[in-house]
Amino acid sequence: MILTPAGAATEPAALEAFSDVIDAPVPGTVAGALERAGRFDRTAPEPLDHLDAWYVLDLAEAPGDAVLHFDGLATIAEVWWNGTMALSSDSMFVRHDLPVTITGDDRLVLCFRALKPHLEKRGPRARWRPQMITPQGLRLVRTTLLGRMPGWCPEVHAAGPWRSVRLSRPAPSVPADIRISSWLDEDGTGRLDVRFTFETATSATVECAGATAIAVPDGEGGFSASLTVPDIAAWWPRTHGEPVLHDVSLLADGKRHAIGRTGFRRIAIDRGADGRDFALLVNGVKIFCRGAVWTTADIVDLPGNRERYEPLLKLAADANMNMLRIGGTTAYETPDFFALCDELGILVWQDFQFANFDYPANDPAFAENVRKEVAQFLDATTISPSLTILCGGSEIDQQAAMLGLPDASWAGPLTREILPSLVAAHRPDVPYVENSPSGGAVPFSPNAGVTHYYGVGAYCRPLEDARRAEVRFSAESLAFANVPEQQTLDSHLPVPAVHDPRWKARVPRDRGASWDFEDVRDHYLGLLYGHDPARLRREDPARYLDLSRAVVAEVMEATFGEWRRSQSTCNGALVWTFQDLLPGAGWGIVDASGLPKSAWHALRRAFRPVQIVLSDEGTNGLDVHAINDGADEKHLMLELSCLRHGRQPVVNGRQEIALAPHSALTLPATKLFGAFFDTTYAFRFGPPSHDVTVGRLIDADGTVVSEAFHFPRGRAEAMFAAAVTATLRQDAEGWLLDMSADRFAQSVAIEAEGFLPSDNWFHLAPGGVKAVRLQPCAGLDPANRPTGEIRGIGVEAVLSF
């Protein structure tokens, strides 16, 4: 790679004047190549928009005809073949195929022109100008908005061959141009359409799930086949069943070719009788969607390979997530991402890459680029059952509405005509949503359609607002500056919390706002625990950080508990965001090193398919909600206990329950106790009799499947100095910590470097033993004995093991 000032070289021959050459991986970015050469710092990124970047590759391939495939060129790009410009591109999201003749001594040169001059061009007048994204010229250029949102993410500019550059030779003896579409009928019949080209085949048969169909030739080398498979094993999101995938193969001239793997499912959106609801139905079953908003596997490299995706997507699956949203401010991910989501049973909400701007959809060249990028993306992912929602973009309507424009100006032909017509033509099995958010009196109204809910969160509303807002579906929610574990801070950000400028630079904020998302977290720390955050962080910074970790976990778990009640209006919510882009107190529930934060552990509990929730209904008492999202009936023991001083049971109740598949049950606490008891301390007949209520679901083996807690007087009044004991033991699967407490212990944390606890930042009730498995991280010998410490905001002393 050679960097030059903008326009300094008009053709490859002019590069002889430049001697500063560095190795550059492809796929990759300019920033990634510079970083590997020690010349770019992602924590203090230098602008790249004013430079041209030239990539040069000499090929010594066997002579003959070939095709060069460019899967993504960011952004204003030229392709030179043996000194002649053969192709140009002005979209990061459009793929190109270039036929070439290989001589055996060839040179491929890619030039990525400086983007800054293009961002300074004037286009059609915009009806509004968003403050969040800069510069405004980005609405005219098809490139990612990552790196363009000050306060949201590091300003790393995407440039270079960010997706693969491949060379292929004519291969008439193998199928090509394969397109596989699958869907599920209401009676459980799977249907499969397959199209392909096969130059040398005279006949072909397609096979899937034991069914076969003879492919019909079109006379021009193309074939098509349709299969019907009765009673096919359907594909389900992981929380509600098995994500079953079926191999599709092709038999031609006695040779079998594996051509793909797909799943059969049926997707629909239920808007309710009044048209205001938004619920996702998969195979006829209403799904409570839960998960997070994806950003990118790496802000510098923008990788698209399975190896970079897999650790993160497995963390999403391990957290019991069943949906990820790829927002309109990021970039399209590759088929590898969707293949992993197919396997893991993770639904994908895909925004097309548009956000906040008034895009020039009436400009013919712009519209043609959009048609290419969308058609190519949809065709590349047509085999994937995980692709569940296609959305016109992020906060376009909201931006216009918040700036006071009338509803006639909120959207235009891009989201109302161009995009839905492309979805209908290329992925008719996937519902289309015009914009996120949309559907209410104003686009961001939480009580209709799709919202972005930050009442609890950015707007510092009380926890009860999660019910009061009557959220239907929140495509993003609950943004906090989530503090990483101490080992991440020690390794990557060893500075004083909050007050050091290096710390504060990693805390997200809305551009122009007088507050940031650390202020939001501090608000809830004061609300839940009664501390003054400013004083606490001066006098006891370690406890301040632990309470900061605890409070986001508590708020998230409590909010999703409210939303998962069967009486709730909410049909799903996604947390903003899944992963951090730099180490620090970012929005991510997984830090930039790949280590889960406290919020990840809380959501893992909140997202359990089999779940217990306790809800305070005031003078109606405490309701107990048992939920079974799974496909199998569950026979469980429901237990409820109220504790005084964190350890003395004052009332107990238990009942055997049976939960049918995809069902929920609600019982008043008094039904378990057999008599009136002021569980919520609503009547206040005298002093409170208890501090905490513990609810459990227990299976036939005595294993606690799920726990929930209610604090009638708040968490601060249930704070005790508990004595925790722990024993480390080893079984056939690895290492476990057996833990117990003499009284109720809030937010117990395990820190064991190199190991990930199966639960963390959890409450530990007395009277039992909690076994926490310590899973070795990648690259660690599982035979190594874990060492570490146990602490907690309600634990009297740190315990080493």
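See the structure shown above.
Residues numbered from 1 in each chain as written. Predicted model: local features only at pLDDT ≥ 70, side-chain atom pairs only at ≥ 80, totals over all residues. Heavy atoms only, no water.

Report on the side chain of histidine 96, specifying residues and quantitative values.
By the element assignment, histidine 96 lies in strand β6 (residues 96–102). Polar side-chain contacts of histidine 96 include one of 2.9 Å to the side chain of serine 89. (Helix = DSSP H or I, 4+ residues; strand = E, 2+ residues; numbered from the N terminus. Polar contact = N/O pair within 3.5 Å; in protein donor to acceptor, adjacent residues only side chain to side chain.)

Can you tell me about the packing of aromatic side chains, naming the residues and giving the values?
For the structure on display, the rule yields 31 aromatic pairs. When the ring of phenylalanine 480 is compared with that of tyrosine 524, the centres are 5.8 Å apart and the planes differ by 80°; the resulting orientation is edge-to-face. Here the residue phenylalanine 480 occupies a position in the loop between β26 (473–477) and α9 (486–492), and tyrosine 524 occupies one in helix α11 (residues 517–529), the gap between them amounting to 44 residues. Like tyrosine 524, phenylalanine 480 is buried. One aromatic cluster is present, formed by Phe93, Trp162, Trp294, Tyr309, Tyr332, Phe337, Phe338, Phe377 and Phe578 through successive ring pairs. Above the face of the phenylalanine 762 ring, lysine 770 is positioned so that its terminal group lies 4.8 Å from the ring centre. (Phe/Tyr/Trp six-rings, centres within 6.5 Å; stacked < 30°, edge-to-face > 60°. Buried < 20%, exposed > 50% of the residue type's maximum accessible area, 1.4 Å probe, protein only. Lys NZ or Arg CZ within 6 Å of the ring centre and 35° of its normal.)

Give me the lowdown on the pattern of salt bridges, citing residues and values where you can.
In the structure shown here, the tally under the stated rule is 58 salt bridges. For aspartate 500, the salt bridge is made with arginine 502, and the minimal N-O distance between the two is 2.9 Å. Via salt bridges that share partners, Lys504, Arg509, Asp516, Glu518, Arg521, Asp522 and Arg537 belong to a single interconnected network. (Salt bridge = Lys/Arg side-chain N within 4 Å of Asp/Glu carboxyl O.)

Describe unusual backbone geometry, and please don't skip the residues or the numbers.
Note the cis peptide between alanine 74 and threonine 75, where omega equals 0°. Along the polypeptide, threonine 75 turns up in the loop between β3 (64–70) and β4 (77–81). Geometrically, the link from threonine 134 to proline 135 is a cis peptide bond, its omega value of 0° lying close to zero. Along the polypeptide, proline 135 turns up in the loop between α2 (116–119) and β8 (165–168). Positive phi, close to 60°, is recorded for glutamate 395, a residue that is not glycine. The residue glutamate 395 is located in the loop between β23 (387–391) and α6 (396–402) in this model. We classify glutamate 395 as buried; its relative accessible area is 10%. The residue histidine 662 is not glycine, and still its phi comes out positive at about 55°.

Could you give an account of the sheet that holds strand β7 (residues 106–112), with specific residues and numbers?
Strand order in the open sheet formed by five strands is β1-β2-β7-β4-β5, with antiparallel pairing between adjacent strands. Of all the strands in the sheet, just β1 (2–5) and β5 (84–89) have a single pairing partner and so form its edges. On average, each strand axis in the sheet is tilted by 20° relative to the strand beside it, whichever way the strands run. For strand β2 (residues 51–59) and β7, the ladder comprises seven bridges, and the chain directions are antiparallel. Its bridge partner lying in β7, aspartate 58 is registered against arginine 107. (Pairing = 2+ DSSP bridges. Axes fitted to C-alpha atoms, helices over the stretch in contact; angles between N-to-C directions.)

Any chance you could break down a nonpolar patch on the surface for me, citing the residues and the numbers?
On the surface, a cluster of nonpolar side chains totalling about 380 Å² of accessible area is made up of Phe676, Phe683 and Phe685. Looking at the secondary structure, you find phenylalanine 676 in the loop between α15 (669–673) and β33 (692–698). (Patch = residues over 30% accessible without salt bridge, like charges linked within 9 Å, V, L, I, M, F, W, Y side chains within 5 Å. Areas by Shrake-Rupley, 256 points an atom, 1.4 Å probe, with all protein chains shown as cover.)

Mind laying out helix α3 (residues 306–318), listing which residues take part and the relevant values?
The first and last C-alpha atoms of α3 sit 17 Å apart over 13 residues, in line with the 18 Å expected at 1.5 Å per residue. Within α3, burial applies to Tyr309, Leu312, Leu313, Leu315, Ala316 and Ala317. The secondary structure elements touched by the buried residues of α3 are β20 (289–294), β21 (323–326), α4 (335–344), α14 (598–606) and β38 (755–757). Where α3 ends, the next residue or the one after it, asparagine 320, has phi of about 65°, a positive value. (Expected span 1.5 Å × (residues − 1). Contact = heavy atoms within 4.5 Å.)

I'd like to hear about the pairing of strand β14 (residues 222–229), residue by residue, with values.
As judged from the eight bridges shared by strand β10 (residues 190–197) and β14, these two strands associate in the antiparallel manner. What sits directly across from aspartate 193, in β14, is serine 226. Strand direction decides the pairing type here: strand β13 (residues 216–217) and β14, joined by two bridges, are antiparallel. Within β14, the position partnered with valine 216 by the bridge is serine 224. Taking the residues that link successive antiparallel strands as the turn, the β13-β14 hairpin has four residues, and the phi of glycine 219 there is positive, at about 85°.

A description of the sheet that holds strand β15 (residues 246–252) should follow, citing residues and the corresponding values.
Remark on secondary structure: sheet strands pair via backbone hydrogen bonds, oriented parallel or antiparallel. On the basis of which strands lie adjacent, the open sheet formed by four strands has the order β12-β11-β15-β16 and antiparallel pairing. At either end of the open sheet lies a strand with only one pairing partner, and these are β12 (211–214) and β16 (255–262). Averaged over neighbouring strand pairs, the angle between their axes works out to 20° when direction is ignored. Bridge analysis of β15 against β16 gives seven bridges, and the strand direction is antiparallel. Bridge pairing links aspartate 247 to arginine 261 in β16.

Can you lay out the environment of threonine 670 for me, pointing to particular residues and giving the numbers?
Structurally, the position occupied by threonine 670 is in helix α15. Placed 46 residues apart in sequence, threonine 670 and valine 624 show a C-alpha to C-alpha distance of 9.9 Å.

Give me the lowdown on the nonpolar core, citing residues and values where you can.
Trp503 and Phe578 are the most contacted members of the largest nonpolar core, which has 197 residues in total. With 10 residues, the top contributor of residues to this core is helix α13 (residues 541–564). Apart from the residues lying within four places of it in its own chain, the contact partners of tryptophan 503 are Val483, Leu489, Leu493, Val495, Pro496, Ala497, Val498, Glu518, Leu545 and Ala585. Judged by nonpolar contacts, the second largest core, of 20 residues, contains Ala626, Leu636, Leu638 and Cys642. (Core = buried A, V, L, I, M, F, W, Y, C linked by side-chain atoms within 4.5 Å.)

Let's hear about α11: which residues, and what values?
Taking 1.5 Å per residue as the helical rise, α11 with its 13 residues ought to reach 18 Å, and the 18 Å between its terminal C-alpha atoms agrees with that figure. For α11, the set of buried residues is Phe517, Glu518, Val520, Arg521, Asp522, Tyr524, Leu525, Leu528 and Tyr529. On its buried face, α11 sits against α10 (501–504), α12 (533–539), α13 and β37 (745–751).

Got a sec to walk through the pairing of β2? Specific residues and values, please.
Both faces of the sheet carry side chains from a regular strand, because those side chains alternate between them. Of the strand pairs in this sheet, β1 and β2 are connected by four bridges, and their pairing is antiparallel. Bridge pairing in β2 places isoleucine 2 opposite tryptophan 54.

Summarise the packing of α3 against α4; cite the residues concerned and give the values.
Between α3 and α4, whose axes approach to 10 Å, the crossing angle comes to 35°. The element α3 and its partner α4 pack so that their crossing is right-handed. Note on element contacts: α4 touches α3 through Asp336, Phe337, Leu340, Cys341, Glu343 and Leu344, opposite Arg306, Tyr309, Glu310, Leu313, Lys314 and Ala317. Along the lines of polarity and charge, the residues of the contact of α3 with α4 split into seven nonpolar, no polar and five charged. (Left-handed = near helix turned anticlockwise from the far one by under 90°. Nonpolar A, V, L, I, M, F, W, Y, C, P; charged D, E, K, R; others polar.)

Give me the environment of tyrosine 359: which residues, what numbers.
Its place among the elements puts tyrosine 359 in the loop between β22 (347–351) and α5 (364–380). We classify tyrosine 359 as buried; its relative accessible area is 9%. Considered as a pair, tyrosine 359 and threonine 329 are 30 residues apart in the sequence and their alpha carbons are 14 Å apart. Look past the residues within four positions of tyrosine 359 in its chain and what remains in contact with it is Arg139, Arg142, Leu145, Gln353, Phe354, Phe366, Ile396 and Leu414. A distance of 2.9 Å separates a polar side-chain atom of tyrosine 359 from the backbone nitrogen of alanine 355.

Help me get a handle on the packing of α13 against α14, residues and values and all.
The interhelical angle for the contact between α13 and α14, taken along N-to-C directions, is 25°, at an axis separation of 8 Å. Considered as vectors, α13 and α14 are oriented roughly parallel to each other. Seen along the crossing, α13 lies across α14 with a hand that is right-handed. Between α13 and α14, the contacting residues are Arg549, Val552, Ala553, Met556, Glu557, Phe560 and Arg564 on the first element and Ser598, Ala599, Ala602, Leu603, Arg605 and Ala606 on the second. Among the residues making up the contact of α13 with α14, the classes are represented as eight nonpolar, one polar and four charged. (Parallel < 35°, antiparallel > 145°, perpendicular 65-115°, else oblique.)

These values are about where atoms sit, not about what they do.
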